[in-house]
Amino acid sequence: MAGAPKPVQINLRDEGFDGPGGPAKGLFTSTNPELRRVIPEANGRVKVKVVYTVLEAQYQSALTAAVQAINATNRTVCFELVGYLLEELRDNSNFETFKRDLEDANMFIGSLIFIEELAEKIVAAVKPQRERLDACVIFPSMSEVMKLNKLGTFSMAQLGQSKSLIGDFIKSARKKNDNFEEGLLKLVRTLPKVLKFLPSDKAQDARNFVQGLQYWLGGNSENLQNFLLTLVQAYVPSLKGVEFEIADPELFPEVGIWHPLAPCMYEDLKEYLNWYDTRRDLRLPANAPVIGLVMQRSHLVTGDEGHYSGVVAELEARGAKVVPVFAGGLDFSSPVKKFFYDPLGSSKAFVECVVSLTGFALVGGPARQDAPKAVEALTNLNVPYLVSLPLVFQTTEEWLDSELGVHPVQVALQVALPELDGALEPIVFAGRDSNTGKSHSLPDRIESLAKRAINWANLRKKKNADKKLAITVFSFPPDKGNVGTAAYLNVFGSIFRVLKNLKACGYDVGDMAGSEMDLIQSILTQKEAKFNSTDLNIAYKMPVGEYQQLCEYSEALEENWGKPPGQLNSNGQELLIYGKQMGNIFIGVQPTFGYEGDPMRLLFSRSASPHHGFAAYYTYLEKIFKADAVLHFGTHGSLEFMPGKQVGMSGVCYPDSLIGSIPNLYYYAANNPSEATIAKRRSYANTISYLTPPAENAGLYKGLKELKELISSYQSMRESGRAEQICATIIETARQCNLDKDVALPAEEDAVKTMSLDERDLVVGNVYRKLMEIESRLLPCGLHVVGVMPTAEEAIATLVNIAEIDRPDQKPEPVKGLPSIMAAAISRDIESIYQGNNKGMLADVDLLQRITEACRACVREFVRERTGLDGRIGQNLLPSILKWTGFYQDPLTRALQGTEFSRADRNDLANTFKYLDYCLEQIVKDKELGALTDALDGKYTEPGPGGDPIRNPGVLPTGKNIHALDPQSIPTQAALKSAALIVERLLSRERDSNGGKYPESIALVLWGTDNIKTYGESLAQVLMMVGVRPMADSLGRVNKLEVIPLEQLGRPRIDVVVNCSGVFRDLFVNQMLLLDRAIKMAAEQDEPDEMNYVRKHAKQQAAEMGMPLRDAATRVFSNSSGSYSSNINLAVENSSWSDEQQLQEMYLKRKSFAFNSDRPGAGGEDGRDIFERALKTVDITFQNLDSSEISLTDVSHYFDSDPTKLVASVRGDGKAPNAYIADTTTANGQVRTLSETVRLDARTKLLNPKWYEGMLSSGYEGVREIQKRLTNTMGWSATSGMVDNWVYDEANSTFIEDPEMAARLLEANPNSFRKLVATFLEANGRGYWDASEDQLERLRQMYTDVEDKIEGVE
């Protein structure tokens, strides 16, 4: 039926469910513990009250059944039972009831309590009652909770002290920092028999604890009945001397194979297959795909396995063979190793895809993980590894109604941690019943999971010649000159290499293009249409009827886009799929968002659904072309940013609907782990990293080069009669180079005559410092081609920058940075040299330059020694010959000979270069093409961190499945240290320019990638500003806070307005709530207004708005869930805005959703009023740059989030805030003004011949990169007004007024060149560039000429 909706979830809601009580209270769950309360009729029996708290709900129904069985049959004792799920204790009314329940309880039981703030609540409630309780039993949990254990004379505290087998184990586990919980479970397996025969009460009590854990892990009703009876018999005084009939624990295999229809659990794969292959109810072909499932034994033994049965049934119904394995502990790698290999012993994998249904990391469960052990097990098995999620902290309906999707704690434990193991596809496959707590299948989610797992497995079965691959490129902003957009990547050059490699591997690539240019033309149009066609090549015309029949969700799009086919990707009758098919490879162009050019849609606070053309494209890939896999090519497209839940999507979330059941591979820039993680979670992508282009130092050119030579002359003659003249020339040349905005130059022409030597040195020193800042800036040259790794020579600049950083935490031993080693060689400290340099002291500026040159020389000589004749790392024969002749000199001695640094410590140098040797090997290693073909063969892709290769060389080699980090691990101590330094420099810089006054409020932006790369530096900056220190819990998770006393802080607490990018919000919701807690803590300190601006402003706003102080101190904002960016970037890129007021309205509408730690489940709530009021007090705006590859004009995100002009417009006094940028791209972190940074960016990139010639070497795509930088520069004019006129003048003279350059740009990419010309005209029209009439006339004429050429008018 046309437009038939997907089988979605209305049937999954509980009867009588009338809306999300949780979100109404702002919590994640509102399940009612009273539903679990069992109250017996005593009828003369002893009544024992038991209160329990568990992380997961599977014990809920099993405990209820056990108690009801005892109450129905036992004549001596009966139980009152009430249970709390850990997450329910966030609700204050539940917590108060919990405390009241404990007051008259006999026993408390807790298990898997691993969330610090809730663990603290449990300790606070149980500790005062512990002495009074008859028994307190805690199974694997955080150590503070474990200490509550009390059974007679037994306690965990004693365990650590007693001279016993258990005591020795505990001590050794703590000493080695082993996985304590897994160790405890191993202990349980070995100790009971020994303990049985030990005398003394202590041993008996310890035995009861260990045996209790066995009963608990056994989990079924009988085991739990015996567990409760054991406890009451031994520890409830009124039952002393009563003997109950108690059986030993029923033990289940520690690891095994389970099937819902099997007569037993199997401990041998052959036995299981003997049963499986003789089943009468199932007939599978011999070559059926084999799927391995991983499950938790606790669900099986407690009878809560309905969701597992659902997955098994769905997979078998779709023709797959299933091997469902389980583990009783928290190490699931054991059953993987034991049951997933060929039972005949060939050591090949028996399964073809693994799906973990536990939601946990493969090794370590919810507490700690051991990723290296997991990766080793999965690498050996070498099949795709999927981790699906059962809902843990929410019921089905709470998840359905949540915009966030899965609870942030579950995201941290069950999405982020498995990603470190290389897990893919966090699909929610099971819901939870709000009454019984039991898990149940979600039919449409299980259907999706089964289809996707089978499709991954089929990649192992199909011949390469038969596999169909859909390569998808992006066009953003929508324009023919932008087809194949991707960060740092030569897309068509890369696709050409990929196709050649696929052809060599036996794929059918049809009549493949002979060159990269032919490939571009075949997709853009027929060759002769280069200049006179606006349309791309049409691969398929989809009739509306076919689209409605095949696209199950087409009807849902009509609310935003009307009836199909609509205006986009359509000819008015049919939907058009752009691209080109070559054999079994389809190269298609992903449609754009669709609302880029519509100012009214850009104003919506939430993003619109995909348009019909977008849906038709993915429908074509899955249903008509029938792709076996899709390869999204480069960073990044828009599929993963479509509306829907943030993580753990339902069937009506658009990314899930669009990708359907196609395995998704995605080449992603290694330095962008945050957006790669969004692609991984929301479009189920295996994100394969590619390298950013090799970096070079920006160097100097034109007048800047001349300045450097003048400074050299000055240094050699500074005390001679010519020094005055040279200094005057330096000042004049610096002015011509527009450095007068960056360096304080004397105003009068003859000022030099009255200067002392020290004053002249200071002027020259400051100009020199600025020159060196420009010269040493790293810039990526050209664009990367997948599978073409840097030569040894190209790797030098990257290695020099890796070598600059001190790495005290490096294992196995710390590594000193080369500048530190050189400084020590002349008895100086590098930090003091940096400080002198930053003040413009000529001697230190020059010394730092000599240190830099010495470091470069060392690395250059070191690399040269490792370089073969082909320019790549290999065998260099010359050193061998020289060693043989006795004339050999090691490279470091050669580099430093005759310099002041020749006495540098040889041991330190040897250690540093041993590390650099390893880094060099990683930089030049090629795994990018191999990782893709392996993934297409259905193999496991090794995971690796994303980030900046200079800060974290662990990112290398590329060709890994990118992951982010454990979101609860940041900010680290090192990040906190760096943050404190930057905040100090920022405040000092502002006070210098503002008469010594502190800013009262700072508006700043938090980015996902920056915080992953720096381990939370900008997050820590916010905490430092308000004077609150983050603390880690006993598992190393950062979720505690302490206020820094004012006397220690030594300054006022600075108010903040924090705007988080949509990506940061998706990855770090917990950390946003941590920030909100910190800001509110600061606001609640009873301190004078002049020392606490957070409190001062919150009090004012509370009075104005009539709300409590805590609510008035709301300062953490982002987009609404499922929405990204302010859309200012889209408006600027598409010239679809009328005035700056419209851009500011977009920012206020889209970025004003408040995140509140008192209502963590509510997600972003509309907070425009408090957002505007908070912005009114802002004195400075602030952002961070953390890596040399991405600067202010490289991407549109930075200006899209800049609120500088917005603050000026909402402030009552119209005063523009000062704007600053922190630059931590080098070891010597700087705080510059925004205008200084824009100038630095222009000089090192847009206006730098080294950069633009590097770009033009990539032809078509290089022209687009140049045009993009100019558009982004104009974006800064629009949001901040901080772009100098000379930047536009110089760009115009470089690209437009040079006829030869203009002709090159036009020839390589006419559409992008037209956009470049239009941007100059637009910058003038909007008042950002004061151009002469001659300049404008030339631009207008050029625009007409380009138009004519594109339209084919000769």
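Residues numbered from 1 in each chain as written. Predicted model: local features only at pLDDT ≥ 70, side-chain atom pairs only at ≥ 80, totals over all residues. Heavy atoms only, no water.

K.L.:
Just give me the short version of the overall build of the chain, but keep the residues and values in it.
P.N.:
For the chain, the count of helices and strands is 58 helices and 34 strands. For the chain, the C-alpha radius of gyration of 33 Å lies close to 34 Å, the compact-globule estimate for 1354 residues. Taken over the C-alpha atoms alone, the chain extends approximately 110 × 85 × 75 Å along its principal axes. Every one of the 1354 residues in the chain was classed for burial, and the buried ones make up 65%. Of the roughly 47,900 Å² of accessible surface on the chain, 50% is carried by carbon and sulfur atoms. If you average the places of the 147 positive and of the 178 negative side-chain charges in the chain, the two averages end up 4 Å apart. (Helix = DSSP H or I, 4+ residues; strand = E, 2+ residues; numbered from the N terminus. Rg over C-alpha atoms; globule rule 2.2 N^0.38 Å. Buried < 20%, exposed > 50% of the residue type's maximum accessible area, 1.4 Å probe, protein only. Areas by Shrake-Rupley, 256 points an atom, 1.4 Å probe, with all protein chains shown as cover. Lys, Arg positive; Asp, Glu negative; His and termini not counted. Charge placed at Lys NZ, Arg CZ, Asp CG, Glu CD.)

K.L.:
How would you explain the pattern of salt bridges if you had to name every residue and give the values?
P.N.:
Under the defined criterion, the tally for this structure stands at 83 salt bridges. Here E80 and K47 are joined by a salt bridge, their closest N and O atoms 3.5 Å apart. Residue E80 is located in strand β2 (residues 77-85), and its partner K47 is located in strand β1 (residues 46-54); the two are separated by 33 residues in the primary sequence. The exposure class assigned to E80 is buried, which follows from its relative accessible area of 9%. Owing to a relative accessible area of 42%, K47 belongs among the partly exposed residues under this scheme. (Salt bridge = Lys/Arg side-chain N within 4 Å of Asp/Glu carboxyl O.)

K.L.:
Pulling in residues and values, what's your account of the sheet that holds strand β10 (residues 385-387)?
P.N.:
The mixed open sheet is built from 5 strands, whose spatial order is β6-β8-β7-β9-β10. In this open sheet, the two edge strands, each paired with only one partner strand, are β6 (255-257) and β10. For this sheet, the mean inter-axis angle between neighbouring strands, taken without regard to orientation, is 20°. Bridge count between strand β7 (residues 290-296) and strand β8 (residues 321-327): 7 bridges; the pairing is parallel. Residue M295 lies in a different strand from β8, and its bridge partner there is F326. Packing against the sheet, helix α12 (residues 269-276) makes contact with β6 and β8, and its axis sits at approximately 140° to β8. (Pairing = 2+ DSSP bridges. Axes fitted to C-alpha atoms, helices over the stretch in contact; angles between N-to-C directions. Contact = heavy atoms within 4.5 Å.)

K.L.:
For unusual backbone geometry, give the residues involved together with the corresponding values.
P.N.:
At the junction of P564 and P565, the peptide bond is cis and its omega measures out at 10° in the coordinates. Position of P565 among the secondary structure elements: in the loop between α23 (558-561) and β16 (574-582). Between K811 and P812 the backbone carries a cis peptide bond, its omega angle lying at 5°. For P812, the position within the fold is in the loop between α31 (796-803) and α32 (818-825). Positive phi values are uncommon outside glycine, yet L112 reaches one of about 55°. With respect to the secondary-structure elements, L112 resides in the loop between β3 (107-111) and α4 (116-130).

K.L.:
Describe the pairing of β16, and please don't skip the residues or the numbers.
P.N.:
Relative to β16, strand β15 (residues 538-543) runs antiparallel, the two being bridged by 5 bridges. Across the sheet, residue K541 finds its bridge partner in β16, namely L576. Counted along the chain from β16 to the antiparallel partner strand β17 (residues 585-589), the turn is 2 residues long, and its residue G583 has a positive phi close to 60°.

K.L.:
Please provide a residue-by-residue account of the packing of aromatic side chains, values included.
P.N.:
Going through the model one piece at a time under the given rule, you end up with 33 aromatic pairs. With 5.0 Å between their ring centres and 45° between their planes, F1064 and F1068 make a pair best called tilted. The pair F1064 / F1068 is uniform in exposure class, with both members buried. With centroids separated by 5.3 Å and ring planes inclined at 70°, the aromatic side chains of Y1252 and F1295 adopt a geometry described as edge-to-face. In this pair, Y1252 sits in helix α53 (residues 1249-1256) while F1295 sits in helix α55 (residues 1285-1295), placing the two residues 43 residues apart along the sequence. Each of the two residues, Y1252 as well as F1295, counts as buried. An aromatic cluster of at least three residues, connected via ring pairs, comprises Y540, F586, F614, Y617, Y618, Y620 and F625. Seen from the ring of Y998, R991 lies directly overhead, with NZ or CZ sitting 4.1 Å from the centre. (Phe/Tyr/Trp six-rings, centres within 6.5 Å; stacked < 30°, edge-to-face > 60°. Lys NZ or Arg CZ within 6 Å of the ring centre and 35° of its normal.)

K.L.:
Account for the environment of V137, naming residues and giving values.
P.N.:
Looking at the secondary structure, you find V137 in strand β4 (residues 135-138). Once the C-alpha coordinates of V137 and K1096 are considered, the two residues, 959 residues apart in sequence, prove to be 48 Å apart. If we skip the residues at most four places from it in the chain, V137 touches F108, I109, G110, N149, L151, F209, F227 and L231.

K.L.:
Tell me what's going on with a negative patch on the surface, and back it up with residues and numbers.
P.N.:
There is a patch of like negative charges on the surface, built from E732, E748, E749 and D750. Inspection of the secondary structure puts D750 in the loop between α29 (723-736) and α30 (757-776). (Patch = residues over 30% accessible without salt bridge, like charges linked within 9 Å, V, L, I, M, F, W, Y side chains within 5 Å.)

K.L.:
Help me get a handle on the side chain of N223, residues and values and all.
P.N.:
As for its placement among the helices and strands, N223 is situated in helix α11 (residues 221-235). Side-chain polar atoms of N223 contact the backbone nitrogen of E250, separated by 2.8 Å. Setting aside its immediate chain neighbours within four residues, N223 contacts Y215, G218, P249, E250 and F252. (Polar contact = N/O pair within 3.5 Å; in protein donor to acceptor, adjacent residues only side chain to side chain.)

K.L.:
Could you give an account of the sheet that holds strand β5 (residues 150-151), naming the residues involved and the relevant values?
P.N.:
Pairing is mixed across the open sheet formed by 5 strands, whose spatial order is β2-β1-β3-β4-β5. What marks the edges here is a single partner per strand, and that holds for β2 and β5. Relative to β2, β1 runs parallel, the two sharing 9 bridges. Each residue of the ladder has a partner; that of V48, found in β2, is F79. Packing against the sheet, α11 makes contact with β1, β2, β3, β4 and β5, and its axis sits at approximately 140° to β3.

K.L.:
Could you give me a rundown of α29, with the residues and numbers involved?
P.N.:
Spanning 14 residues, α29 covers 20 Å between terminal C-alpha atoms, matching the ideal 20 Å at 1.5 Å per step. Turning to α29, the residues buried within the fold contact α28 (702-717) and α30. One or two steps after α29, the chain reaches N738, where phi turns positive at roughly 65°. (Expected span 1.5 Å × (residues − 1).)

K.L.:
Give a detailed account of the packing of helix α2 (residues 58-73) against α11, specifying residues and quantitative values.
P.N.:
Where α2 meets α11, the closest approach of the two axes is 8 Å, and the angle between their N-to-C directions is 65°. The element α2 and its partner α11 pack so that their crossing is right-handed. Between α2 and α11, the contacting residues are Y59, A62, L63, A65, A66, V67, A69 and I70 on the first element and S221, L224, Q225, L228 and L229 on the second. Within the contact of α2 with α11, the residues separate by chemical class into 11 nonpolar, 2 polar and no charged. (Left-handed = near helix turned anticlockwise from the far one by under 90°. Nonpolar A, V, L, I, M, F, W, Y, C, P; charged D, E, K, R; others polar.)

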